[in-house]
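# A structural walkthrough
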Amino acid sequence: MADTGGVEASVRSGAQWLVAALEAAGVDTIFGYPGGAIMPVYDALVDSRLRHILVRHEQGAALAADGYARAGGRIGVCLATSGPGATNLLTGIANAYLDSVPMLAITGQVASGLMGTDAFQEVDIFGMSLPVVKHSFIVRRAEDVAATVREACTIARSGRPGPVLIDLPKDVQLARAAAQPGPTAVAAAAVPAPDRDALGAARALLARSERPLLYVGGGVGMARAESALRDFVAVTGMPSVCTLKGLGAIDPDAPEHLGMLGMHGSPAANHAVQSCDLLLVVGARFDDRATGKLDTFAPGARVIHIDADMAEIGKLRSAQIALAGSIPLVLAALSQALPIESWREHCAALRALYANRYDAPGADIYAPALLRELSLAAGDQAIVSCDVGQHQMWVAQHWHIRAPHAHLSSGGLGAMGYGLPAALGAQLARPDACVVCVSGDGSIMMNIQELATLRRYAIPVKIVLLDNGCLGMVRQWQELFFEQRYSEVDLSDNPDFVALAQAFGIEAFGIDARAQVPGAIRRLLDARGPILCHVRIDPRANVWPLVPPGKSNGEMMDGAA
Amino acid sequence: MIQRLHVTLLDVEGALQRLLGTAERRGFHVLQLHAEVGAGDLCRVALTLEGVRDAMLLRRQLERLHEVREVSLATE
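Numbering of residues starts from 1 in each chain and follows the order in which that chain's sequence is written. Each chain takes a letter, starting from A, and each ligand takes a number, starting from 1, following the order in which they are written. Per-residue local features of the predicted model are confined to residues with pLDDT of at least 70, and side-chain atom pairs are confined, for both listing and counting, to 80 or more; whole-chain, interface and lining totals are unaffected and use all residues.

Our focus in this paragraph is the pairing of strand β1 (residues 2-10) of chain B. Residue and element names in this part refer to chain B. Field definition: a residue is buried when 20 or more other C-beta atoms are found within 10 Å of its C-beta, exposed when 12 or fewer are, and partly exposed for counts in between, with C-beta atoms placed from the backbone. Each helix is a run of H or I in the DSSP string that is no shorter than four residues. Each strand is a run of E no shorter than two, and both are numbered from the N terminus. The side-chain alternation of β1 yields one buried face, formed by Gln3, Leu5, Val7 and Leu9, and one unburied face, formed by Ile2, Arg4, His6, Thr8 and Leu10. A pair of strands counts as paired when DSSP detects no fewer than two bridges linking them. Two strands pair when backbone bridges link them, and β1 and strand β3 (residues 42-50) are joined in this way by nine bridges, in the antiparallel orientation. Paired with isoleucine 2 across the two strands is glutamate 50, which belongs to β3.

Further remarks concern the interface of chain A and chain B. Buried accessible area, meaning the area lost when the parts come together, often serves as the stated size of an interface. On the chain B side, the residues contacting the 14 residues of chain A number 11 residues. Elements with a contribution of two residues or more to the side of chain A that touches chain B: α5 (125-129) and β6 (135-138) of chain A. No other element matches β6(A), which puts three residues into the side of chain A that touches chain B. Residues belonging to the side of chain A that touches chain B are distributed by class as follows: eight nonpolar, four polar and two charged. Residues are defined as contacting one another if the C-beta atoms placed from their backbone atoms lie within 7 Å. Gly is put with the polar residues, along with every residue not named as nonpolar or charged; the nonpolar set is Ala, Val, Leu, Ile, Met, Phe, Trp, Tyr, Cys and Pro, and the charged set is Asp, Glu, Lys and Arg.

Once that is clear, we can look at the domain arrangement of chain A. Residue and element names in this part refer to chain A. Under the domain assignment used here, chain A contains domain 1 (12-177), domain 2 (196-353) and domain 3 (367-536). Domain ranges listed in this record stem from an automatic or a database domain assignment. Here domain 1 and domain 3 have C-alpha centroids that lie 29 Å from each other. Contact residues are listed per partner, giving 25 residues for domain 1 and 26 residues for domain 3. For the side of domain 1 that touches domain 3, the secondary structure elements donating two or more residues are β2 (29-32), α3 (58-72) and α4 (84-98). Take the side of domain 1 that touches domain 3: its biggest share by element is 11 residues, from α3.

The next subject is the sheet that holds strand β12 (residues 278-282) of chain A. All names here are of chain A. An order of β11-β10-β9-β12-β13-β14 is seen for the six strands of this open sheet, with the pairing classed as parallel. Two strands close off the open sheet at either side, each with one partner strand: β11 (257-260) and β14 (321-324). Pairs of neighbouring strands in the sheet enclose a mean axial angle of 15 degrees, with direction left out of account. The strands touched by helix α8 (residues 196-208) within the sheet are β9 (212-216), β12, β13 (302-307) and β14, with β14 carrying the most contacts at an inclination of about 125 degrees. A fitted line through C-alpha atoms represents every axis, and for helices the fit uses only the stretch in contact; the resulting angles, taken between N-to-C directions, go from 0 to 180 degrees.

Okay, α3(A) next. Residues and elements named next belong to chain A. Every helix has an expected span of 1.5 Å times one less than the residues it contains. Between its first and last C-alpha atoms α3 spans 21 Å; for 15 residues at 1.5 Å apiece the expected length is 21 Å, and the two agree. Buried residues dominate α3, accounting for 14 of its 15 residues. Phi turns positive, to about 65 degrees, at glycine 73, one or two residues after α3.

Now the structure itself:
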C-alpha cells in the first residue's frame, strides 16, 4: 500500500488532497483570500479543521503568515487565487526569502489547458517568483498534490528556511485521484558537520586573540541556538554585537553586550567592531546596513565565520576560518575560557559611555523613551512587530528585546506595511503573548485594511502609531544628504487615524504630550481587544546615530549629542 | 574572467530557468550553454560564464538549489 504520509487514502479531489495534506503536515492556520482559480480549495476548506484567516489583501496574508512563522516557530501558510491574488503575495514571499522564514505560499492557477494563453487572471507566478523562493512547484496531477505539499513543507523548514510556492491549476484542484503516491525522496538540505581541522584552528585563533568580538546575526534565532550562544558567552566572556535580526539572541542586559552594530547601531558596538582583532561571526551575512563601507569594516580583525549556509561564508568578506554547520555544535566545540579581562573592561566601559539617554528636553513625546517604557512595562513575554522607517530603528535601539522571536522586523526586504499583518499573525501563533505593533503614519497606510482582520477575529494586537506627518526616514536623508530638498515626503494630510481605527471597530485614542505617556501605556496594556494609540511626534525628529551611506562605521553622525 | 561549470540537476519543471537565473542574478553572463537530459531524470548542463565575482561562491549558491545534485567548476 502506498505511503500516504498520514493522509487517509481514498478518492478525493486535488483540492481535498491539498487540505488533507496540510492538516497531516501539522498546519492549523492559513491566511488567505479567495478568488476564481482557487475556489475548489476554498470549497474543501468548508469541511476542514484548518483555521482560515480571511485577510483583506493578499499581501496581508503573506506577511501574516510570516509573523505567524517567526513568532510561533512553525511554517506559515498563505493562500491566494491566480493573477492579482498571486502577484499580491509576492512582496510577502520576497520578505520571507530575504529573512529566511519558512513559508508555504499556495496559489490557484488557471486550468492547465489555458496556461500560456494569457487567460483571464493568468500570470506566470512560478516564473515571477523564481528569484524569491527557496523552491517552487506547479502541480500537474491531482495524484501529486499531497506529496508535493509534504516535500514543500520539508524544503521550507530544512537547512536555511525559506518560502516555497505551490501553483495549483484549477483543473488539478477539481480532478479526482485515489491513493496518493508515497513521499518523494526529499533531499532535505542537511546542515553539514563542521570540519574538525577548521574547528581546531578556530579554537587556537580564539585562544590567541586579545580582542575577540562576537558578531551575532539572525541565523542564531533561526537555528534556535540562542541558549547555546548564551552558554558560549558565559564560558568565554566574549563581548558581543548583533545585527537587526540578531537582536534578542544575547541577553540585552549582559554587561559586555554592546547592542546593534551598523548604520543605526550603537557607537559602542561600532567602535568595538572597528578595534577588535577577531570577529567570530555567528549566523550573520555582512549585510551592507551592518557593515557600512565594507573595506573599512573591522579593519584589524581576522574572521571566523559560522553559518548553516555555506553559500553565505565568504560572500562579502573572506573568512580566515569557515565553519559551515550546526551553530550549537560549533559553539560548543569552540567554548573555552579566554584571558581577555582588559578587553571586556574596555567594552563594558564603551557600553556605559554610550548608554542610551531618555532625558530629552521639552514636553513633546520622545519616541525612544515611549518605546523603552512600553517594552519594560509589557514584560518578558511581549512580542514587538514593527514596520519600516524611523520607528523601526527606534524599536531596534530602544525596545528591550529578550529573545530573537520577540522581535519581528522586515530586515532584508525592508517592506513598509509589514508590521500590522505580521503582528496579527504573531498573535494568532502566540495567543498568550502581548503583541505590540509599532508603526508609522507612512507604513500603516500600506496595509491599513488589516484593521478589519483584527476586528473580525478580535485579535488583541496593541498598535502604537508614531505619526510625524511625513515619511520620516526619507525626510531625514533628504535633510542630511540631499541639501534639504524635500521631495514627496509630506504626509500632513493624513487621515484622522483615531477616527479611522474606530471606523474599523477598533478602540483608539491619541496622545500628543509627554505627560500622557504613562496613562497611554497603561491603557494599551490593559486593553483586552485590539487597540490603537495614535502618538503625535515631532516631524523633525531624526534617528541617531547614523553612519552616512558609503562611510565607515567609525564615522557616525550623532545629531542628538 | 571566464568560468566553466558542469551542473547535474533533476529534470524538473523550472530547473533550467532557476539555474540560469541564479547565475545571472549573482552577476554572471551566460556565454554558452549545453543541456542534455539523460537517464534517471537527470539533466547535465555545461555552462560557460563570464563574471568578476568569485565562481566558488556561485558554485555554493547553485549547490543549495533544491534540484541541483552536483556542480563542478573549471576556470579557464
